[in-house]
Each structure stands twice: as C-alpha cells, then as structure tokens.
Amino acid sequence: MHHNNLVGLLERGAMSAPALISPEYDLTISYARFMDEVHAVRDGMRAAGVKPGDVVGIVMPNGPEVLFTFFGALAAGAAAMPINPELKAEEIDFALDDSHSSLVVVTPNAEARIAGCATLPERRARLMFSGSSGCTLDGPGTGGLPPRMTGGEAGGDDNALLLYTSGTTSRPKGVPLTHDNLLASARNVAESYALTADDRTLCVMPLFHVHGLVASVMATLYAGGTVVVPQRFSASAFWRLADTYRPSWYTAVPTIHTILLNTADQNLVGEPPPMRFVRSCSSALAPATQEAFEARFNVAVLQAYGMTEASHQVATNPLPPAGRKEGSVGQPTGLQVTVLDDDGAELPLGVVGEVSIRGENVTRGYLRNPEATAAAFTNGWFRTGDQGLIDEDGYIFLLGRIKELINRGGEKITPLEIDEVLLRHPAVAEAVAVGVPHPVYGEEVEAVVALHPGHTADAAELIGFVKEHLADFKAPKAIRFVPEIPRGATGKIQRRRLLDLL
C-alpha cells in the first residue's frame, strides 16, 4: 500500500468497484483498471526520461486521460502540473518555463493548444487512449528503451501537484502541494461530507484547479466512491447525465449553480434526481441564489471555502440537519483558522481582520519565491488575503479580498496581467483593469484606458489585442476611455475606487 503517496488512493476502493465513469467513452473504469492505466503512463514517462523530483506539465480537457496522466506522473515520482488548455501559448510557456518542467503531456484534442509554445517542443508526449484498449504514451524519441526502474516512489513531503495562482501585484506564483498536503485535504473533504463508497459525484469543475482535483476526485477516491468525468460542464447535458448516472452530490462554483438554476426550465424534465447535498465553493454564493436553488431542486446547498494554498478546503457548512448560516462559508475542517490584525496579532471572535490558517493541508510556501513566502506567513499562520471574521459558533464570514483580484466565476484573474498587455498597445498610455459586478459570474473584467494624445483605438481593437496574448476569459468585456486615469492622494491607482469615480 502506498500509504503516504496519493497513488494509494487508488487502492482504497474495492478493486472491482467503479472508480471513474466516462460519458464520452460510455465506459466504467474499475479501481483495478485505473491502477493498470496509471502504471502504463508511469512506465511511458520513465521511458521518456522522467525522474523522481521532476515536474510534468499536463494539457488536456477533463476525462479519464487527465487523471491517468496525473497519477501516472506521481507514480513516476514526479509532481504533476495540470494546465488550463484554454490558455494562450505564452501563458502555457510561462508555466512550463517557470516550473522547469521536464515533459509536457497532451491528448490529440489539446495538441493545437501547445502548437505555438516555444518551451519544450522536443519534450512533449502524446497520450493515446481509445477507451477499449489501454493508454499508451508516445514519448520523445525513446526508441523503445526499457523503462528505468530506479528511484523510489515519492510520497509524504515530496511535491505532488504544482499549480499557478494569480497574485494581484505579481506574475502568477507557483504553489507546490505535497502528497501529505493533498491526502490531508482529501480526508478533510471526505470526512466533512461523510462520503462513503456508495457516493458518486458528477465532476463539473476543471481538473487543472484544486477544486475539481481535490473535492470531486481525491475526496471521492479517498472514500472508495465513483467520479463521473465528462469532458466539460454543459448546462444542457447536466440533468441528462444526472439522470443517467445518479450522482449523490456535486460541487461547483456559484456561476455553475446559477446557470443550472437559470436554465432549469429548458433542461430539466420532471423532478430533479435526488442528491444528498450540493456543494458551492471558490467564490461567494448570493443568498437569494442559494434559496432559489434549494427550493427548485429540493437539495441543501453547502457553502465551502477553499484556496490553492490550502490544497483546497478550509471550511464548510455542515451536512443537514446541522445548521447552515446564510452568508457564511462554515466552520474549519481539519485545520486551524484565526483572524489576524495588520501586526499579526490574533483578534477576538466577531472582530474583522485577515483570515489566516495553519494545518497539514497548507502549502509550505511558493515555488522558488522566498519573498512571497515570507510575506504570506506570520508566526506560522498563512495569511489568506481574505478579510473576514469568525462568530461565536466558529462560523467564518468573508467580507472580500484585501487585495484586488478579479474573481470571474471562480477563475481568479490578476488585473495587473491585463494592464500589462493593454500597455503594450502603441495607442495606450494608461490602462487599469477592474472587476465589475456581474449577475452570473459574480465579477466581469472591464478596463479603464487613457490613450496617447493623437492616437486612436476603439474598444473592439483593444479587446482583440488582449485576446491575442491572454485567455479569452481574462479579456475585458468593455473598455471605458478617459482623458487620464484618476489616482488617489498618494498617486496610486485604486482599482476599487475607480468604479466609484466613474
């Protein structure tokens, strides 16, 4: 048993029990077959020269393939770095380059995404999987060498997952999470919702974020249950899938719950299939949406709180019949949570400060970034950047970001990244991206732009320019032109105040 390695999750279920179900392949994959496919990927990676301690990039949509590759990398002793296949080549390059990845694995349907990448053209491998036959990895010029079996299996303190998180004032930062971090988080999620081998979840979250990887997949495997993994979330297909596969729960960002609620009349025929609970995480769920969802679908929605640096879950509202508090993200799950003042002193209950955490699921620090790591920790507490308070019952209430990330449907977007691209345009003198309230996404990106005297550019041209360099979801949906960007007394641009000034 790989007791402190995540691959051990695949040995928790009964070997003949279903681990994964792929609607696209109409395929049920047992725990035993999952393990076989993982070993096939591991051997292919070793043949391609992957060594313990390496980082393997993964660019592919949701489905069994991304999970075979993820666990295959871990079985080879490497850390896995799943990357959003919607990112542009230069964004993928940044992650591959910054992480020192030794290999990037793609599926044929994602190959076009990396066609323009400058990094690692010779160190890419293609994962082939037909559903009926097993996985094969077409590696870089291995010439059929037998896999090197040297190097023990990683586990415990070794890195298992590397994800990039957006900082408001910096380029994205690498967050390494160890086997121990992720196993603790999988256990915390499984225990907080009393998951068992009878539970089945429908995975609608992307598997290049901790939300989908840890809550949908790892927690379910920890309990020996089953994950249904369609290639993407689709509002029109959701109820058909729920009807066919009968999930006992699912977890998603508020945007997805909102879309399901808004489209239920078109897409849901008859009664919704019964579920034990629905989980909402990654940004705030409006109380009105929660009430309407619970009434329409006759199921309790449990708001939770998570972040990459915590290997996902920090807190959740408890299962019924225990009380859910409106507007609260619930109580801590398997870690300590406190509220600190600016000087790092702990504040009493009910007093607003910076929510801070410590526990075995919390990252030890950012990748090769001692400054960011030092700034994030105070006396062993990781400062989340969220403003909030803890009430007398231990429920956490969040009041917003201390810094100014734009949270578009759970995708955290760095305004600075957008500013930088806009400023590359020859007509743009000043540019500031801001998050504006949006009924479905929570926030949407807009930008305030001042042009150089004598230059012209319209909104469509600038939005198109941003889309050449950044993923479409990061591009501003509207641009407001101003003669000059308003600034605060200290000369600083205050993004939040910009909205009021306009």
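Worth saying up front: this structure is predicted, and the values here are computed from it rather than measured. (Residues numbered from 1 in each chain as written. Predicted model: local features only at pLDDT ≥ 70, side-chain atom pairs only at ≥ 80, totals over all residues. Heavy atoms only, no water.)

Undergrad: How would you sum up the sheet that holds strand β26 (residues 478–481)? Please name residues and give values.
TA: Backbone-to-backbone hydrogen bonds pair the strands of a sheet. The strands run either parallel or antiparallel. The strand order β24-β25-β26 describes an open sheet built from 3 strands, whose pairing is mixed. Each end of this open sheet is capped by a strand with a single partner; those strands are β24 (428–438) and β26. Averaged over all pairs of adjacent strands, the angle between strand axes in this sheet comes to 30°, irrespective of strand direction. In terms of strand pairing, β24 meets strand β25 (residues 442–451) through 10 bridges, oriented antiparallel. Its bridge partner being in β25, Ala-433 is matched across the sheet by Ala-447. Helix-sheet contacts for helix α10 (residues 415–424) involve β24, β25 and β26, and the interaxial angle to β24 is about 145°. The sheet strands contacting helix α11 (residues 459–469) are β24, β25 and β26, and the helix crosses β26 at an angle near 125°. (Pairing = 2+ DSSP bridges. Helix = DSSP H or I, 4+ residues; strand = E, 2+ residues; numbered from the N terminus. Axes fitted to C-alpha atoms, helices over the stretch in contact; angles between N-to-C directions. Contact = heavy atoms within 4.5 Å.)

Undergrad: I'd like a description of the confidence of the model for the protein, backed by residues and values.
TA: Regions with low pLDDT should not have their predicted coordinates read in detail. This prediction gives the protein a mean pLDDT of 92; 94% of its residues lie at or above 70. Low pLDDT (under 50) marks residues 142–147, which in the prediction has 6 contacts with non-local residues, meaning those over four places away or in another chain. (pLDDT = per-residue confidence, 0-100.)

Undergrad: Requested: an account of the pattern of salt bridges, with residues and values cited.
TA: Two side chains with opposite charge may pair up if their charged atoms get near one another. If you walk through the whole model with that rule in mind, you get 21 salt bridges. For Arg-246, the salt bridge goes to Asp-243, with nearest N and O atoms at 2.9 Å. Residue class for Asp-243 comes out partly exposed when judged on its relative accessible area of 44%. With a closest N to O distance of 3.3 Å, Lys-474 and Glu-417 form a salt bridge. You can see Lys-474 sitting in the loop between α11 and β26 and its partner Glu-417 sitting in helix α10, a full 57 residues away along the chain. Accessibility expressed as a relative area gives 16% for Glu-417, which makes it buried. Here the salt bridges share partners, and the residues they tie into one network are Glu-91, Glu-417 and Lys-474. (Salt bridge = Lys/Arg side-chain N within 4 Å of Asp/Glu carboxyl O. Buried < 20%, exposed > 50% of the residue type's maximum accessible area, 1.4 Å probe, protein only.)

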